[in-house]
Structure formats: C-alpha cells, structure tokens
Amino acid sequence: MGLLDSLRSGLQRSREAINEIFYMGGEVDEDFWEDLEDTLVMGDMGAEVAMRVTDDLREQAARENLTRADQLRDALARRLAAEFPSAKRDPFTDLPSCVLFVGINGAGKTTTVGKLAGRAREAGASCLIGGADTFRAAAIEQLEVWGQRAGVDVVTRERGADPASVCYEVVEEAERRGAELVLIDTAGRLHTSADLMRELAKVVNVTRKRCQLPVAVVLVIDATTGQNGLNQAREFNDALELDGLIVTKLDGTAKGGIALAISSQLGLPIYRIGVGEAIDDLQTFDALDFCRALVGEGM
Ligand SMILES: Nc1nc2c(ncn2[C@@H]2O[C@H](COP(=O)(O)OP(=O)(O)OP(=O)(O)O)[C@@H](O)[C@H]2O)c(=O)[nH]1
Ligand SMILES: [Mg+2]
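Chemist: I'd love a proper account of the overall build of the protein, names of residues and values included.
Modeler: Secondary structure summary: the protein contains 12 helices and eight strands in total. Computed over its C-alpha atoms, the radius of gyration of the protein comes to 20 Å, within 12% of the 19 Å expected for a compact globule of 299 residues. Buried residues in the protein amount to 54% of all 299 residues. Taking the intrachain contacts of the protein between residues at least 6 apart in sequence as the baseline, contacts between residues at least 24 apart amount to 77%.

Laid out in structure tokens, this is it:
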C-alpha cells in the first residue's frame, strides 16, 4: 500500500461522513450547508474552523454559481488546506538543527525519532540521537533498537539520570562530532502534570541555551486522541513555545480533523505525519493531499 493510500484508508471515517452529505441529494441547499458544518465539527475540526470554512465555501458557491454538491468537493479540500500554516523552516532538512520531541505517553515520539534518523542517514546527513527519556523502564533499550535499525548512534545515560543534563551531554557530543541533525527523545508525560511539565520546560531551556544549532521543539500527537488533543497541544505550547507538530497514527481509525484543529488554532505547522509503525511509515505533510484524503475525490 502506498503512503497516500494508507493515509486515505486511515482517514476513512471522516471521508465517509463527508461523502454522505455530498451524495445525499446532490443539490446545494440550506440543509447541505448545515450538514456540512455539523460534519466538520463531528470530525474534530472544532466549531470555529467548521464555521469559517463553511461560510467561505458558501460565499464561493454563490459567487461561482455552484449548485451541485460534487462541484464543491475540491473547493472544500482547498479551503481546508488553507487553514494549515506552512512551515518557515523544516528542522529535518534545513540543517544543521537540533530537535526535541515532546508529547504525552505513547504518542509515538520514540518511533518518530527512529524513522527520522533513518531518513537522515539515507540522505547522508550526520545524525545523532539523544535519549532523554531516563524515566520509563526499557525506554533506553527501545531507542537503542531504533538507533541500530536506522544506523545512527544514540547518546544516553542510565535510567533515573536528570534529563536536562542528558541533553547537555548530547549537545556536547554532537558538537564534538560535528553532527548536523540531533534528535532528542524525551519521556512521555501528561500535560496536566505540573511537575513533569516543569521538568520538561527545564529540558527545553537548557537545550535552547546550550545548543549552538537552531533548536526546534516538536510536539508529537496521536491523531486518534480526538478533541482532547487540542487541550494537550495548548498546554505543551504554553509551557514550551512549540515550533511545530508531528501527527502520528493517521493510518489508524483517526478522523484526522484534530490535526487541522491544532495546527490552525495554535498556528503550528505540521512537519511530518506518521502512517504506520515501520521505519518508512513517515510522510512529509502536504496540506492539500491531506485534505483531499479527508474529503475524498469523488467517485
Ligand atoms: N499505527 C501506528 N502506530 C504508531 C505510529 N507511530 C507510533 N506508533 C506506535 O505507537 C506505540 C507507541 O510508540 P512510541 O514511539 O513508543 O511512543 P512514545 O511517545 O515514545 O511513548 P512513551 O515513550 O511511552 O511516552 C508503538 O506501538 C508504536 O509502534 C504510527 O504512525 N502509526
Ligand atoms: Mg518513548
């Protein structure tokens, strides 16, 4: 299955709901607009985005005299795509760079670090992985397995070590080696845990201060989290001033709309999307491709 296909099948739930309104009667009437707005809200996009997009599309339909629903499908995809802010800088290709991965437990941070290290290695960039998850049992081993798979060295310390000092050492080692891309994995934590968020802020501050490479802080978010994802992202952003997002598990039964809600409401670009558990299951985010997969391209 191609990458776009796995995204398409992952976004099936959203697409089926949207398909329904596009095929109900085929006519664009008052019911159509109401159903469209409701469907977008149900797809986790958030009421604000849903309303704004529906209003704009309604204006476009009037202006261009579009009366059949099927004429509006691509316009909807384009309008949704316009909600995503684009990245000023891609921290994984605009090198040198140091990236810290943060997020709640199980979001896919470690896996994403492994996938990105594999890409960097393939592209011939000198990459180093830092393991600042000294908290969870077996976290270091898991990261080392990914390092081996990707062919990239992992710098870490023993379990229980202070994560901020691990980052300090990772950055020092990266400088010694002249690494162009440093990927630092951190321990998962709930956005509601004040102590752990403070600890993470310290990790970020130390790295930003100590590192001479441009530092990006990336929130890894599981697309299947639904509406709670927006609260999560807001808390992480308030505490750490995020640079951007990576949305994982878009191959699952995700509705996908949460990616749009977070990116658009917090003004954060999506750098990559995860579409599976294997090393190659990572895609560069393309807003229009994503929205076409979300909306469907007609039959
Ligand atoms: N289907 C799918 N599974 C994924 C994806 N990314 C990660 N996973 C799976 O999600 C689970 C958790 O991934 P991890 O990378 O360990 O997540 P983490 O954020 O590092 O977790 P903690 O370190 O415990 O906070 C693993 O089983 C991964 O294989 C993805 O894009 N698609
Ligand atoms: Mg992890």
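Back to the write-up after that little detour.
Chemist: How would you summarise the site of ligand 1 if you had to cite specific residues and measurements?
Modeler: Lining the immediate environment of ligand 1, one finds 20 residues, of which Lys109, Thr110, Thr111, Asp251 and Glu277 sit closest. At 2.8 Å from a nitrogen atom of ligand 1 is found a side-chain nitrogen or oxygen belonging to Asp251. Relative to its free-state accessible area of 650 Å², ligand 1 is covered by the protein chains to the extent of 81%. No other element matches helix α6 (residues 109-122), which puts four residues into the shell around ligand 1.

Chemist: Describe the packing of aromatic side chains, and please don't skip the residues or the numbers.
Modeler: Overall, the coordinates contain six aromatic pairs when judged by the stated rule. Where Phe32 meets Trp33, the ring centres are 5.1 Å apart and the plane angle is 80°; that geometry is what we call edge-to-face. Taken together, Phe84, Phe285 and Phe290 form an aromatic cluster joined through their ring pairs. Its end group placed over the ring of Trp146, Arg149 keeps NZ or CZ at 4.3 Å from the ring centre. Note that Arg210 overlies the ring of Tyr168, its terminal NZ or CZ placed 5.2 Å from the centroid.

Chemist: Break down the pattern of salt bridges for me, with residues and values.
Modeler: Per the stated rule, a full pass over the model turns up 20 salt bridges. Two residues, Arg52 and Glu83, come together in a salt bridge whose shortest N-O distance is 2.6 Å. A residue pair is termed long-range when its members are at least 10 positions apart, and Arg52 in helix α4 (residues 47-63) and Glu83 in the loop between α5 (73-81) and β1 (97-102) qualify at 31 residues. Residue Arg52 is classed as partly exposed on the basis of its relative accessible area of 33%. The salt bridge partner of Arg189 is Glu199, with a shortest N-O separation of 2.7 Å. In this pair, Arg189 sits in the loop between β4 (181-186) and α9 (194-210) while Glu199 sits in helix α9, placing the two residues 10 residues apart along the sequence. For Arg189, a relative accessible area of 3% translates into the label buried. Take Glu199: its relative accessible area is 31%, and that puts it in the partly exposed class.

Chemist: Quick one: what's the story with the side chain of Glu83, residue by residue and with numbers?
Modeler: Look at Glu83 and you get buried, because its relative accessible area is 11%. Here the side chain of Glu83 touches Ser264 through a polar contact of 3.1 Å, side chain to side chain. Once you skip the residues sitting within four places of it in the chain, Glu83 turns out to touch Val49, Arg52, Val53, Leu260 and Ser264.

Chemist: Please provide a residue-by-residue account of the pairing of strand β6 (residues 244-248), values included.
Modeler: Among the five residues that make up β6, five are buried, leaving the element largely enclosed by the rest of the structure. Going residue by residue along β6, you find Gly244, Ile246 and Thr248 tucked away on one face and Leu245 and Val247 tucked away on the opposite face as well. When strand β5 (residues 215-222) meets β6, the two strands line up parallel, connected through five bridges. Bridging from a neighbouring strand, Val220 pairs with Ile246 of β6. Between the parallel elements β5 and β6, the chain passes through helix α10 (residues 228-240) in a crossover that is right-handed. Relative to strand β7 (residues 270-274), β6 is paired through three bridges, and the arrangement is parallel. The residue of β7 that forms the bridge with Ile246 is Arg272.

The rules behind the values
All residue numbers refer to positions counted from 1 along the written sequence of the respective chain. All chains are assigned letters beginning at A, and all ligands numbers beginning at 1, according to the order in which they are written. In keeping with the model being predicted, local features are shown solely for residues with a pLDDT of at least 70 and side-chain atom pairs are shown and tallied solely at 80 or more, while totals for entire chains, interfaces and linings include all residues. Just so you know, side-chain values use all the structure's heavy atoms and leave hydrogens and water out. Each helix is a run of DSSP H or I of at least 4 residues and each strand a run of E of at least 2, with the numbering of both proceeding from the N terminus. In this setup the radius of gyration rests on C-alpha atoms only. A globule is expected at 2.2 Å times the number of residues raised to 0.38. Here's how the labels work: a residue is buried when its accessible area is under 20% of the maximum for its type, exposed when over 50%, partly exposed in between, all with a 1.4 Å probe on protein chains only. Contacts were defined at the residue level, with two residues in contact if any of their heavy atoms lie within 4.5 Å. Whether a residue is near a molecule or strand is decided by its heavy atoms; if any one of them lies within 4 Å of it, the residue is near. Polar contacts here mean pairs of N or O atoms no more than 3.5 Å apart (in protein, one a potential hydrogen donor and the other a potential acceptor; neighbouring residues in sequence count only if both atoms are side-chain atoms). In short, Shrake-Rupley with a 1.4 Å probe defines the accessible areas, and a residue's cover is counted only from the protein chains shown. Only Phe, Tyr and Trp rings are paired, with Trp represented by its six-membered ring, and only when their centres lie within 6.5 Å; those with planes under 30 degrees apart are stacked, over 60 edge-to-face, the remainder tilted. Any Lys NZ or Arg CZ that is within 6 Å of a ring centre and within 35 degrees of that ring's normal is treated as a charge sitting over the ring. Note on definitions: salt bridges are taken to be side-chain nitrogens of Lys or Arg within 4 Å of carboxyl oxygens of Asp or Glu. When DSSP finds two or more bridges between a pair of strands, those strands are recorded as paired. The crossover handedness rule: strands pointing away from the viewer, path from first strand over the helix to second strand clockwise, crossover right-handed.

Limitation: the analysis is restricted to geometry and does not speak to function.
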